[in-house]
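Topology and contacts: notes
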Amino acid sequence: GHSPMAVVQKVRRKANQSKPPPTPKTLNPSSGHSPMAAVRVILPHPHLPIPSWRPQLKPSSSYPRRAVAAPASLSPSPLTASLQLGDVIEAQQFDRQVLNEIFEVAREMEAVERGSHGFRSRVLEGYLMATLFYEPSTRTRLSFEAAMRRLGGEVLTTENAREFSSAAKGETLEDTIRTVEGYSDIIVLRHFESGAARRAAATAEIPVINAGDGPGQHPTQALLDVYTIKREIGRLDGIKLGLVGDLANGRTVRSLAYLIAKYQNIKIYFVSPDVVKMKDDIKEYLTSQGVEWEESSDLLDVASRCDVIYQTRIQKERFGERIDHYEAARGKYIVDKKVLGVLPKHAVIMHPLPRLDEITVDVDSDPRAAYFRQAKNGLYIRMALLKLLLVGH
């Protein structure tokens, strides 16, 4: 007396009851999927929450994070365990061991970038990076976006968040960060206020990378600068470094001074106009770390002694209405053929770019002009950081 459909349903129920329970899928290392992607496959959503654990690079009470235990199957390896870098906020947060491991991954990224022209990497496939830039940028923004895409990730970008976003309507940085982290897996922030990156990191539950916060710091620039010195000179201990130009407003030289102080037998020369001298906080920090430093007004003398001349532009945008101070500072120290004439053969000239007239164009053809190689190294360092922050070593 049963209908044909009822008979079919009964037979299916019996067949399903006789089947063994399905075995969970496991991660195929060669598949290119991330550990987080594997977790999403393994864990049944109705019963267990998807863990928000990620490898960290440096725990700090300054940047609180929600405590979530990592699944046993995804426990970091001994090498990854030493990398503790929840956010990238300031140069002081790194120690030599972490720097060495970041540089090791950056060397690996050189090979990945060369190979990506014929075969796209899938290391960060499925991940989204949001770039929030409240100040203009070309190299930093493009290199971060290129780094993410070279590793198979995607990018959400805001080129001028200060003018064309909710910030123009009065939204706080904290509210913007809380909103954007809902769309992405990592945030790269450039802001016009010193300390903005620290505020963002304290707010966000996902990694935040400081891409420059006003006159404060630019830690990824410092990382690529130190990496460039290592690649060009062959060592980091025993370096003599000349910092030239706008040392008061230049966040790149501040971060570089903090980072190079991690190494032994460093000597730093400060060469700058009086209105943009290096600030006392950096000098005091270097002294506390046992780093020898000296102020000089003679660029040729300093160049003859150094392994690295790090030239910077005088930043007009930091002077406000004091144009007289800007004009007094601009053009006082120029790297030209005269500087090349006294610079040691093994030494290099670096610049964070953009340049105006503080390095003459006839210097570009000299093999000691490393600033464009330096800019390319920024891609490798940022690829390394994205990989380490999102999927580990």
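Conventions we followed
Residues numbered from 1 in each chain as written. Predicted model: local features only at pLDDT ≥ 70, side-chain atom pairs only at ≥ 80, totals over all residues. Heavy atoms only, no water. UniProt positions renumbered as here; feature names shortened; annotations may be inferred. Pairing = 2+ DSSP bridges. Helix = DSSP H or I, 4+ residues; strand = E, 2+ residues; numbered from the N terminus. Axes fitted to C-alpha atoms, helices over the stretch in contact; angles between N-to-C directions. Contact = heavy atoms within 4.5 Å. Right-handed = clockwise from strand over helix to strand, strands pointing away. Parallel < 35°, antiparallel > 145°, perpendicular 65-115°, else oblique. Left-handed = near helix turned anticlockwise from the far one by under 90°. Nonpolar A, V, L, I, M, F, W, Y, C, P; charged D, E, K, R; others polar. Polar contact = N/O pair within 3.5 Å; in protein donor to acceptor, adjacent residues only side chain to side chain. Salt bridge = Lys/Arg side-chain N within 4 Å of Asp/Glu carboxyl O. Buried < 20%, exposed > 50% of the residue type's maximum accessible area, 1.4 Å probe, protein only.

The chain appears in an unreviewed UniProt entry as aspartate carbamoyltransferase from Aegilops tauschii subsp. strangulata. According to UniProt, the comment filed for the chain under the heading Function (unreviewed entry) is "Catalyzes the condensation of carbamoyl phosphate and aspartate to form carbamoyl aspartate and inorganic phosphate, the committed step in the de novo pyrimidine nucleotide biosynthesis pathway." Recorded in UniProt under Sequence similarities (unreviewed entry), the annotation for the chain is "Belongs to the aspartate/ornithine carbamoyltransferase superfamily. ATCase family."

**Re the sheet that holds strand β8 (residues 308-311)**
If you trace the 5 strands from one edge of the open sheet to the other, you get β7-β6-β5-β8-β9, paired in parallel fashion. The open sheet is flanked by β7 (292-296) and β9 (348-350), the only strands paired with a single partner. Averaged over neighbouring strand pairs, the angle between their axes works out to 20° when direction is ignored. Relative to β9, β8 is paired through 3 bridges, and the arrangement is parallel. Each residue of the ladder has a partner; that of tyrosine 310, found in β9, is methionine 350. Relative to the sheet, helix α9 (residues 251-260) contacts β5 (240-244), β6 (267-271) and β8, its axis offset from that of β5 by approximately 165°. Relative to β7, helix α10 (residues 280-288) is tilted by about 145°, and along the sheet it contacts β6 and β7.

**So, the pairing of strand β2 (residues 154-158)**
Looking at chain direction, strand β1 (residues 128-133) and β2 are connected through 5 bridges and run parallel. Its bridge partner being in β2, leucine 128 is matched across the sheet by glutamate 154. Each parallel crossover has a hand, and for β1 linked through helix α5 (residues 139-150) to β2 it is right-handed.

**A closer look at the sheet that holds β1**
Strand order in the open sheet formed by 4 strands is β2-β1-β3-β4, with parallel pairing between adjacent strands. On the outer flanks of this sheet lie β2 and β4 (208-213), each paired with one strand and no other. Across the sheet, the mean angle separating the axes of adjacent strands is 15° when strand polarity is ignored.

**Topic: the packing of helix α6 (residues 173-180) against helix α7 (residues 196-203)**
It is at 9 Å that the axes of α6 and α7 come closest, and there the two elements cross at 50°. In terms of orientation, α6 and α7 fall into the oblique class. The handedness of the crossing between α6 and α7 is right-handed. Taken together, the residues of α7 that come into contact with α6 (itself represented by Leu173, Glu174, Ile177 and Arg178) are Ala196, Arg199, Ala200 and Thr203. Classifying every residue of the contact of α6 with α7 by side-chain character gives 4 nonpolar, 1 polar and 3 charged.

**A word on the environment of histidine 218**
Residue placement: histidine 218 occurs in the loop between β4 and α8 (219-233). Expressed as a C-alpha distance, the spacing of histidine 218 and valine 253, which sit 35 residues apart in the sequence, is 8.7 Å. The residues touching histidine 218, leaving out its near neighbours within four places in the chain, are Thr140, Arg190, Asn210, Ala211, Gly212, Arg251, Thr252, Ser255 and Arg382. Side chain to side chain, histidine 218 and arginine 190 meet in a polar contact 3.2 Å long.

**Things to note about the pattern of salt bridges**
All chains considered together, the criterion is met by 23 salt bridges. When the shortest N-O distance is used, the salt bridge between lysine 277 and aspartate 274 registers 3.6 Å. Given the relative accessible area of 31%, lysine 277 is considered partly exposed. Shared partners join several salt bridges into a network, and the residues in it are Arg107, Glu110 and Arg231.

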